[in-house]
Every structure is written in structure tokens, then in C-alpha cells.
Amino acid sequence: RSAPACARPAARVPARHRSGPELGSSSPLCKLPACAGSLKGDEKSGAQTFLDHCFRALVHDGVSEAGATFEFRVGKKPGSAPLELLKGEAARTAGGKKFADLLWPERVLIEMKSRGAKLERHYDQAFEYWQLIVPNRPRYVILCNFDEFWIYDFNQQLFDPVEPAFLRDLAASA
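Throughout what follows, the structure given in this document is the object of discussion. Values in this document were obtained by computation on a predicted structure and should not be read as measured data. (Residues numbered from 1 in each chain as written. Predicted model: local features only at pLDDT ≥ 70, side-chain atom pairs only at ≥ 80, totals over all residues. Heavy atoms only, no water.)

Structural notes on the packing of aromatic side chains
Operational definition: Working definition: a ring pair exists when centres of Phe, Tyr or Trp rings (six-membered ring for Trp) sit within 6.5 Å. Plane angles under 30 degrees give stacked, over 60 give edge-to-face, the rest tilted. By definition, any uninterrupted DSSP run of H or I lasting at least four residues is a helix, any uninterrupted run of E lasting at least two residues is a strand, and each is numbered from the N terminus. Summary of the burial criterion: residues with accessible area below 20% of their type's maximum are buried, those above 50% are exposed, and those between are partly exposed, where the area comes from a 1.4 Å probe applied to protein chains only.
Overall, the coordinates contain 11 aromatic pairs when judged by the stated rule. Summarising the aromatic geometry, the rings of F55 and W104 are spaced 5.1 Å apart at their centres and angled 50° between planes, so their arrangement reads as tilted. Residue F55 is found in helix α2 (residues 43-57), and its partner W104 is found in strand β3 (residues 97-104); the two are separated by 49 residues along the sequence. One exposure class covers both F55 and W104, and it is buried. Aromatic side chains Y123 and F127 sit 5.9 Å apart centroid to centroid with 5° between the ring planes, which places their arrangement in the stacked category.

With respect to the pattern of salt bridges
Under the convention used in this document: Here, a salt bridge means any side-chain nitrogen of Lys or Arg that lies within 4 Å of a carboxyl oxygen of Asp or Glu.
Enumeration according to the criterion identifies seven salt bridges in this entry. Across the pair R56 and D52 runs a salt bridge whose closest N-O atoms are separated by 2.7 Å. With R56 and D52 both in helix α2 and four residues apart, the pair spans about one turn of that helix. Residue classification places R56 among the buried residues on the basis of a relative accessible area of 15%. Note that E111 and K113 form a salt bridge whose closest N and O atoms lie 3.5 Å from each other. Classification of K113 as buried rests on a relative accessible area of 6%. Members of the salt-bridge network, linked through shared partners, are E43, E111 and K113.

Dropping the structure here:
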């Protein structure tokens, strides 16, 4: 079986020629709902493909090229309840690990959930990860289930997203 259409690289406009999101029906943002629909909507198998296409739709060359990291390790400190942020070899120590789905330092932490997941059930996990990212804590946290984006700015308000957005609405407004 071939890869979903959104898993294949899209043609890109060279970075020096970009000034903002491409608009119109051929815009990568307009294609995101089809991309999301072609994926199983499973957090483990589709999140990285989906997020990479989100970055590309927002006029970046991709997640890695923008300086973001998939599966950023957050580990439990051995013998204690608090968590500490661990990266690289240090993350292999005993005590367990947790993984933030995407971290773009100083910009955004994204926690993906499976399609249809109730995002309010995952607020505590996202907030906990955000608290532990020091230095370079991101301004925004996004909870996403492939169809909804709940955008938080914990510097403005803690418990409610400052902007809930639906994928279908983002694409329609492009």
C-alpha cells in the first residue's frame, strides 16, 4: 500500500520567495483536512506526518528544518515524584520517560491525541510538560486530535484555551 498523499513531500516555494502563508485553493493549508482524513488519526502512527504537514502549510520547510523536535523526552527523576526535563543520553537513566509529541523551543509545545479524543482530558499532561521545559519554555501549548486545535497561552490564562480552532475552519479561511 502506498503512503497517504499527505505523507509524500509537497512541492515547496523556496524560502527566499515566501512572505506568508500561501493562499487559494492550492494552498497547503487548504489541503490539511484531506491530509488528516487520509491518516488513521492515531496518535502514534500519524502525528508526526500530520504535524510536519502543518509546519509546511504554515510556510516552514518542515518540523526539523524549523528547529522543532519530535518526541522530546521528559523523564521521571528516579526515586521522586517531580519530573525533570531530560534529553539525549541522560534520558536513558532509570525512572521512566514521557514524551512530548513536539517541542519548538520558545514557540510551541504540541501534544497530539487520537482523532475524537476529548482534549480537556489531556490538559494536565500538557500543562505538566510545559512547566518542566526550562530554559526556553514555549509561549504556546497546543492540544490537537487531528480535527481540533486547542491553543493555550499560559502566560495569559491557565484553564481555558485562548483560541480553540477546527481544522475545517482553518482551511476554509485560507
